[in-house]
Amino acid sequence: MNQKSKTNFYFLIGRYLIFLLFLIYFFFFKKENSLNKKKIELFKKELIKNNLIKTQELKKIKEKEVIIENNVLKLSLSTIGGNIKNLFLKKNPNISIETDNFSLIKENSSLFGLEFTNKFGKKIDTYKLEFIPEIKEDIFKYTINMHAQLEPNVYIDYVYVVYKGNNYYIDFFIKSKGLYEYVSTNSFNLEWSQKILNLEKEKTIEKKYTNISFRINSKKNKINFFDKKKSSFKELDNLYWIANKQQFFASILCFKNQLTIDNSKKILIYSENINSDSELKFSELKIPFLLKKEEELNCDYKWYFGPLDYHILKKSKDGFEQIIPFGKGIAKVLNRYFFLNLFELFEKANINYGIIIILMTIVVKLLLSPITYSQYKFNLFMQKMQTKFFLNPQILIEFYKKIGINPIYSLLGNMIKIPIFYSLMNFFPTLINLRGKRFLWAKNLSYSDRILNFNFNIPIYGNHISLFNIFNILILFVLRIRNKFYKTYILFYIMMLFFFNNYPSGIYIYYISSNIINILFRIFYSRIDFYFKEFKIPII
C-alpha cells in the first residue's frame, strides 16, 4: 500500500470512529437534568392523588353536555366543571384528518379550573361545581356562558367564544361577582392538567415529537422547551402561554392579560411520560395568583386546539408557530423561508406529494449545480495528480485559475450539504401536509415505509424493513463504486442500514432523488476527463 493509499485508509477509519463516537454519545450519554428529584417526586405524588380524586368524583356526578361546532372543531362542554369534555377535529383534507372522530380531548382528558378556600374554610374546586349553560349565536360566533352560582350574590362564569368558519381559536373569559368577600384569603390556584393522547399509528415516532413548551413574556420572543425525560418540573415567575404538543397537533393556552402572581409562590409546570396504549404524556400547570381588595375575576384567555400548521399558528401573532420543531439556527431559517415556501409552491399544482418532494430535490440540485460542478472538477483534478506534488503554491494557484478550479468550492459544497441535511431531517417528520399522504408503496410520507413488519423488535434497527432505506444505500454504493476504495465504505453502509431504517419516507424520496441526480451529473461531468487532457499538469 503506497503512501496515498495509507492516507486514504486512515482517513476513512477516522471518519468511522468519529461517526461511531457521535452515535454512542447521542444514544447513551444524553445530558442529565439538574432538577431537584425530591421536589419532583413530592409534586408527582400529590398530582397523582389529586387527579385520581378528580376523575373518581367526576364519574359519580351526573352531567349534561353542550355541543358546539364550526367547520373544523366539534366540542362538548360539561355542565360539571364547565370544562371542554371532548374536542374533535373535523374531517379536513387540507391537514390530512381522515376520520370524523379525531379527538384532541377525550372524556375529560383535559381539566381546567380554580382552587380556593371559602370563608367557611371549605375547599372549592370548580371542576366539580355545576355550571348552567347559556348559548348565544350571531353570524360570526357562538358565545357559551357557563354559570356557577356559589351563593345568592356570588358566582363564577366561564365564557367560551367559538368562531364560525375554519377557526381553531377559542376565546375564553373568567368573570366573577362577590368572590372577594366569599373567599377566606385572596389566594387562588389556577390549574390546567391534560393527558396528551396518542393520535398516530407510529407511536414511537409521535412520542419523540411530543413535548411541552412555553413562553414567559409576551414581548420577548423566546420559547422554552421541556426536557423529554420521564419526569420534568419547572418553577416560573411569569407565564404568557403554554403548549402541549403532539407530533402534528397542539393544545395551547394563552394568557392575554396577566394575573397578579403570588410573589411568595411559583408557577409550577410538571410533565411526565405515560406508558399506555392511548396516552403519551401528562402535563400539569398550577398558577398561584392573588385577588386584590374589592376586585373581581376578569381573566382574558385564548385556547388553540388544532394542527401544527405554520400559517394558522402564525395568525395568532403570539409566536405559536415556533413550537413546530423546524430545527435550530440555519436549519430553522432554511425550513421556514425556503423549503416550506418551495413545498407550498408545488403543492398548489395539486400533484402527488412524493412528486412534490422530487421536484423540490431537482430545484435544490440545480441551485447547487455550479458549486457541485466546480467541486467535481477539483476532486477529479486531485485524482489525476496521484503522487505528484506541487512545491510552489503560487504556480499551483495560477494553474487552478488556468483550468477554472476554485478549491474553496470543494469545502463550500460540503458546508452547504450539512445544514440542508439537518434541515430536511427536521422538515419532513413535522410537516403536517405530508401526514397520511401516499407515494408508491409508502402509506404515510411522515413515517418510514414498511414492506415487511416483524413481531419482534431488533435493537436500533426496529421492527420492520424499509425498502426506501435499502434503495438509498444501493444508490450510494453505485456512486462510490468507481472509487478504488469503495470496499472500505461497506461498514458505513451497514451502519446506515441499521440507524436510518426508521426515517420518514419523505426524507428517503429526497435523498434517493438527490443521489440519482448525482449519478446523472457524474455522467454529464465525465467530459471533464477530456478537459484535463488538454492541460499538462506541472510537476515542480
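Residues numbered from 1 in each chain as written. Predicted model: local features only at pLDDT ≥ 70, side-chain atom pairs only at ≥ 80, totals over all residues. Heavy atoms only, no water.

A. Quick look at the overall build of the chain. Within the chain one finds 13 helices and 21 strands. Counting every position in the chain, which comprises 540 residues, the buried fraction comes to 51%. Excluding contacts between residues fewer than 6 apart, the proportion of contacts in the chain whose partners are at least 24 apart in sequence is 67%. (Helix = DSSP H or I, 4+ residues; strand = E, 2+ residues; numbered from the N terminus. Buried < 20%, exposed > 50% of the residue type's maximum accessible area, 1.4 Å probe, protein only. Contact = heavy atoms within 4.5 Å.)

B. Summary view of the sheet that holds strand β3 (residues 84–89). Strand order in the open sheet formed by four strands is β1-β2-β3-β4, with antiparallel pairing between adjacent strands. Taken across any chain shown, the strands that pair with only one partner, and hence form the sheet edges, are β1 (65–69) and β4 (102–105). The average undirected angle you get between the axes of adjacent strands in this sheet is 20 degrees. Of the strand pairs in this sheet, β3 and β4 are connected by three bridges, and their pairing is antiparallel. Bridging across to β4, leucine 89 finds its partner in phenylalanine 102. (Pairing = 2+ DSSP bridges. Axes fitted to C-alpha atoms, helices over the stretch in contact; angles between N-to-C directions.)

C. Region of interest: a nonpolar patch on the surface. A cluster of nonpolar residues, Leu440, Trp441, Ile451, Leu452, Phe471 and Leu474, forms a patch on the protein surface that exposes about 570 Å² of accessible area. Inspection of the secondary structure assignment puts leucine 452 in strand β20 (residues 452–458). (Patch = residues over 30% accessible without salt bridge, like charges linked within 9 Å, V, L, I, M, F, W, Y side chains within 5 Å. Areas by Shrake-Rupley, 256 points an atom, 1.4 Å probe, with all protein chains shown as cover. Salt bridge = Lys/Arg side-chain N within 4 Å of Asp/Glu carboxyl O.)

D. Main features of the environment of glutamate 347. By the element assignment, glutamate 347 lies in helix α6 (residues 330–347). On a C-alpha basis, the gap between glutamate 347 and isoleucine 357 in space is 9.8 Å, while along the polypeptide they are 10 residues apart. For glutamate 347, the contacting residues outside a window of four places in its chain are Tyr353, Ile356 and Asn433.

E. A look at the pairing of strand β2 (residues 73–78). Counting buried positions along β2 yields five of six residues, so the element is predominantly enclosed. Taken together, β1 and the strand that follows it, β2, pair antiparallel across an intervening segment of three residues. As consecutive antiparallel partners, β2 and β3 are separated by five residues, and within that stretch glycine 81 has a phi angle of approximately 95 degrees, a positive value.

F. Summary view of the sheet that holds strand β11 (residues 187–197). The strand order across the open sheet formed by six strands is β6-β5-β11-β18-β17-β14, and the pairing between neighbours is antiparallel. In the strand order of this sheet, the two ends are held by β6 (123–125) and β14 (231–236), each with one partner. The mean inter-strand angle of the sheet, taken between neighbouring strand axes irrespective of direction, is 15 degrees. Pairing analysis gives 11 bridges linking β11 to strand β18 (residues 279–290), with the strands arranged antiparallel. Considered in β18, the bridge of phenylalanine 188 is made with phenylalanine 289.

G. Spotlight on the confidence of the model for the chain. Averaged over every residue, the pLDDT of the chain is 77; the share at 70 or more is 74%. Ranking the elements of the chain by mean pLDDT puts helix α1 (residues 3–28) last, at 51, and strand β9 (residues 154–163) first, at 92. When the criterion is pLDDT under 50, residues 25–35 qualifies, and its contacts beyond four places in sequence or with other chains add up to nine contacts. (pLDDT = per-residue confidence, 0-100.)

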